[in-house]
Amino acid sequence: MPRLPAPSPAEALAALKQLAGRRTLPIHPDLLAQHILALPGSWDWPVQRAAFEALLRRLGSARKQELSVLSQPAKSPWGRYRLGRPDTDGALPYVVSLESLEPLSGSCGCADFLRSSLGLCKHLLAVIDHLAAKPTRWRAALQARPVRRTRPQLAWEAASGHGGALDPLGGFQLELPTSVGRPSGALRRLFDFNQKDAAGRHPLVALQAKDLAQRQRIVTALQRALRAPGLGSDAAAPAVLRDEAARLERLLRLQAKRPALDRALRSSKRKLYDYQKAGIARFFAEGRLVLADDMGLGKTTQATAAVAALHGAGLVTRGLLVVPAPLKAQWEAEWRAITDTPVCVVDGTADERRGLYRKHRRGFLIANYEQVVRDLPEILRWAPQAVVLDEAQRIKNWATRTALAVKQLQPDYRLVLTGTPMENRLDELASVVEWVDDRALEPKWRLGPFHSVFADGKKEVTGARNLDALRARLAPVLLRRERAEVLAQLPRRQDTVLPVDLTEEQRAAHDELNQDIAKLASITSRRPLKPAEFLRLMTLLNTQRIIANGMAQQDFTSTWPGISGRTPTPALLASLGSPKLIELRELISNLVLTQNRKVVVFSQWRRMLQLAAWAVSDLLDKHGRRALFFTGQEGARRRQHNLVDFHDDPATAVLFLSDAGGVGLNLQRAASACINLELPWNPAVLEQRIGRIYRLGQKQPVAIYNLVSRACIEERIAALVSDKRALFRSLFTGKGDEIRFERSGALLSLLPPTTEPAQALAGATEVSDDELEDVQDVEASEEETGRKDAAAGAEPVRAPNAPSSVGALLGALTVSRTPEGRVNIEAPPEAADALISLFEGMARLLGARA
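Fair warning: this is a prediction, and the values are worked out from it, not measured in the lab. (Residues numbered from 1 in each chain as written. Predicted model: local features only at pLDDT ≥ 70, side-chain atom pairs only at ≥ 80, totals over all residues. Heavy atoms only, no water.)

1. Notes on the overall build of the protein
A tally of regular secondary structure across the protein gives 36 helices and 25 strands. A burial count over the protein gives 51% of its 850 residues as buried. A separation threshold of at least 6 residues defines the contact pool for the protein, and within that pool the share at least 24 residues apart is 71%. Here the protein has roughly 39,600 Å² of accessible surface; of this, 52% comes from carbon and sulfur atoms. (Helix = DSSP H or I, 4+ residues; strand = E, 2+ residues; numbered from the N terminus. Buried < 20%, exposed > 50% of the residue type's maximum accessible area, 1.4 Å probe, protein only. Contact = heavy atoms within 4.5 Å. Areas by Shrake-Rupley, 256 points an atom, 1.4 Å probe, with all protein chains shown as cover.)

Written as structure tokens, this is what we have:
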């Protein structure tokens, strides 16, 4: 659709006056409209209209807040005005200077005047409104003579253009009265008297933006000159100099501490890749950054290493990490894996949290966004010097309580992490960036019209424009790297645990089973469980695992008919009591739709896969993608056909697999990401899943995401899997003589902490891990033969495969020595499980003896 032609100046003036109607009275709309049309910069009609609307909003705000003039010039309308609100008793006055009405000219030290590029703010409009309220006063102001300067005047031009990044020092000008010659001293060296604008004002000497020392000398000299009696200024100049002086002080402090920062960074316990070091260096340069790297590039690692280095270099004593509540535990674990800098998670009642802030005077605290809203007064008193915001899209809507609370935090060092800095609109991006640099994307009113292509002049957007200017403004404050840019530096595999909080309904259903589990667990302190007792215990634990996946799986037979065929809206998803489905949508959106990757999704249960496929169906459909299944419910021909499509069809982006697909499949040339909707308790089963894509022939880095429900059986399974992995690595690849498990005994590690009997270890060791694995393997076995899920949702238990004698087992092994002197031990597939059980039994026996 062709764009409409721009209106003529007369048509634009008439349109703005029509837009104002009677809203500006007693100020005539002509005055404000002509001011907007005369603003510098190549602004076209959509931007001019938006500027006028922004001015009308500021006038409305001044009137709504009842800003009143507390003091004014005695003999002329031109000069300094002091404003305040009735509810503050003048305690928070605003000082503005008014220069003329035709054309409108004035200055204010408020943040809006400094950043809006309108040349006006609500405080100046309040002064103009005050003059216009009385016709005699208004006529006198219109007839008043211009100001006659008797001394040099330092002015700051607010209504600047919009190309590239804004340098606040570039707006300074020196106005010389005709009766005064060139000044001597610092002013003579600071301004270029060979150049002047139409009003006869001289600009600053040429600035070297990267020469921090030069800039600081200029700012210091101007501040010193303003304190002397020979130089006047408008209301904005001192405020701009104050802000720039604080910024330069931070930058020079970082510059001086750079050797110490580099030394502190080298103490990181985790290897940093070159692109991560480059990201940290960008943060060290300014002390403020939006790190918007693609998901999986290690934003948490970069942030932790960076702020820990600030602490190590002595720049920061206290710091705050603000993260989504479900990620607090993960952040703590990552932090401790990277640095020994003190850290503590903020939790507990309001009184306990208050005590925590007052107790911890050094180190870092990890709090969630909701706590920042509730604890804001305490946090402000605690005064963190560095703040990290994770998943910072939480502040994308600037008017929310969360965004308003977070932006009251004013530390010297600010690091914002987000893989999605903009989800829908540019003002979301501006809200995120604003806390790091409140000039970068200002003014907000201009973002939409300046960067949008309109078909009808205002509403119908048909494209985007002026993106180079947007990139130029973002470049100093935002860093984003995508996977393709750093592919050569990426690790071949990254494992990420994504903790998920249970809903209250899940928590109640899960914990309701604890008492029955405790009764059976107490028996193990006296004797081994009988087969029926063991079966009952395994069924209860298995039911808890299903509940941890979600109430929709637990109540599948009653839930599925009500949602099948319906669009998975946020409200519908939230009603299912299955937060993992919501987390899965985020992952699929990032991995498939943003990163254009193919993904395999594993679950032990076909029903969970069915729910998962439904939960992401609308996302995939909208972008012309689809998902397929590989489980025991599909016949052999259908499975093979689905595999071919997954490899060859670009639109087939997701493959949902049960553990029937956990072995024997080669998917490394199709997919590069794996999502485990829950963890099997045998790490071998987990590695079999991951091994479908992480194997010889894989050309891309592999990302593994494990969804783990917190504070329930799944978290304990994760610890068990970690312990088993640690044992294997220590035994076959490690060098240490000792390894410490966080939990002891396979069965006991699955029980709720409150049910673990003190002497239960001996009884628990009677239960082999093979028996536990048999419980989870039933569905995969049933699917291999084409049978459907058990109607009740909890699988039956097949008899465990008793391992052969130790002699027979060892006789089946093949032992060989490699040319490097290492020993290889190989076991046939039928002996693998028994070998694993043997080693784990030996570890338990040695642990008990120790």
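2. A short note on helix α20 (residues 467-474)
Buried within α20 are the following residues: A469, L470, R473 and L474. Buried positions in α20, seen along its axis, are confined to an arc of 130° and lie on one side of it. The exposed set on the far side of α20, more than 90 degrees from its buried face, consists of D468 and R471. Tucked inside the fold, the buried residues of α20 contact α18 (426-434), α19 (444-451) and β17 (478-479). (Arc of directions from axis to C-beta.)

3. A word on the sheet that holds strand β3 (residues 94-100)
In space, the four strands of this open sheet follow the order β1-β2-β3-β4, with antiparallel pairing throughout. Only two strands of the sheet have a single partner each, and these edge strands are β1 (68-71) and β4 (105-108). Between one strand and the next, the sheet's axes are offset by a mean angle of 40°, whatever the strand orientation. Pairing between β3 and β4: four bridges, direction antiparallel. Across the sheet, the residue bridging to V96 is C108, located in β4. With respect to the sheet, helix α5 (residues 122-132) is in contact with β1, β2 (79-84), β3 and β4, its orientation differing from that of β3 by roughly 60°. (Pairing = 2+ DSSP bridges. Axes fitted to C-alpha atoms, helices over the stretch in contact; angles between N-to-C directions.)

4. Section: the side chain of S97
With respect to the helices and strands, the residue S97 is situated in strand β3. Of the residues examined, S97 reaches a relative accessible area of 2% and is grouped as buried. Beyond its immediate chain neighbours, meaning those up to four positions away, S97 contacts G79, R80, G106, S107, L124, D234 and A235.

5. Overview of the environment of A38
With respect to the element layout, A38 can be found in the loop between α2 (29-37) and α3 (45-64). Given the relative accessible area of 61%, A38 is considered exposed. Sequence separation of A38 and P103 is 65 residues, and the distance between their C-alpha atoms is 9.1 Å.

6. Quick notes on the sheet that holds strand β13 (residues 386-389)
What the seven strands build is an open sheet, ordered β11-β12-β10-β13-β14-β9-β17; its pairing is parallel. Only two strands of the sheet have a single neighbouring strand rather than two, namely β11 (343-345) and β17. Pairing between strand β10 (residues 318-323) and β13: four bridges, direction parallel. Bridged to G319 within β13 is A386. Most of the contacts of helix α11 (residues 274-286) go to strand β9 (residues 288-291), to which it runs at about 150°, and overall it touches β9, β14 (413-417) and β17.

7. Concerning the pattern of salt bridges
For the coordinates displayed, the defined rule picks out 46 salt bridges. Several salt bridges share partner residues, and in doing so they unite D167, R215, E244, R247 and E286 into one network. (Salt bridge = Lys/Arg side-chain N within 4 Å of Asp/Glu carboxyl O.)

8. Section: the packing of α2 against α3
In the contact formed by α2 and α3, the axes pass within 9 Å of each other and the chain directions differ by 135°. With respect to each other, α2 and α3 are oriented oblique. Crossing hand, α2 versus α3: right-handed. Residues L32, A33, I36 and L37 of α2 pack against Q48, A51, F52, L55 and L59 of α3. Considering only residue class, the contact of α2 with α3 consists of eight nonpolar, one polar and no charged. (Parallel < 35°, antiparallel > 145°, perpendicular 65-115°, else oblique. Left-handed = near helix turned anticlockwise from the far one by under 90°. Nonpolar A, V, L, I, M, F, W, Y, C, P; charged D, E, K, R; others polar.)

9. A look at the nonpolar core
Among the nonpolar cores identified, the biggest contains 74 residues, and L32, F113, F172, F191 and L222 are the most heavily contacted of them. Element by element, the count of residues in this core is highest for α3, at 10 residues. (Core = buried A, V, L, I, M, F, W, Y, C linked by side-chain atoms within 4.5 Å.)

10. Some remarks on the confidence of the model for the protein
Residues with a pLDDT of 70 or more make up 80% of the protein, whose mean pLDDT is 82. The least confident element of the protein, judged by mean pLDDT, is helix α33 (residues 761-764) at 28; the most confident is β13 at 98. Taken as a whole, residues 727-736 scores under 50 in pLDDT and shows 10 contacts with residues more than four places along the chain or in a different chain. Contacts for the low-pLDDT stretch residues 844-850, under 50 throughout, to residues beyond four places or in other chains number five contacts. (pLDDT = per-residue confidence, 0-100.)

11. Some thoughts on the packing of aromatic side chains
The full count for this structure, using the stated rule, is seven aromatic pairs. Residues W335 and F364 carry aromatic rings whose centres are separated by 4.9 Å and whose planes lie at 45° to one another, so their mutual orientation is tilted. On the criterion of sequence distance, the pair formed by W335 in helix α13 (residues 328-338) and F364 in strand β12 (residues 363-368) is long-range, its members being 29 residues apart. Of the residues examined, W335 reaches a relative accessible area of 0% and is grouped as buried. Seen from the ring of W435, R414 lies directly overhead, with NZ or CZ sitting 5.4 Å from the centre. One cation-aromatic arrangement involves R606 over F629; the distance from NZ or CZ to the ring centre is 4.2 Å. (Phe/Tyr/Trp six-rings, centres within 6.5 Å; stacked < 30°, edge-to-face > 60°. Lys NZ or Arg CZ within 6 Å of the ring centre and 35° of its normal.)

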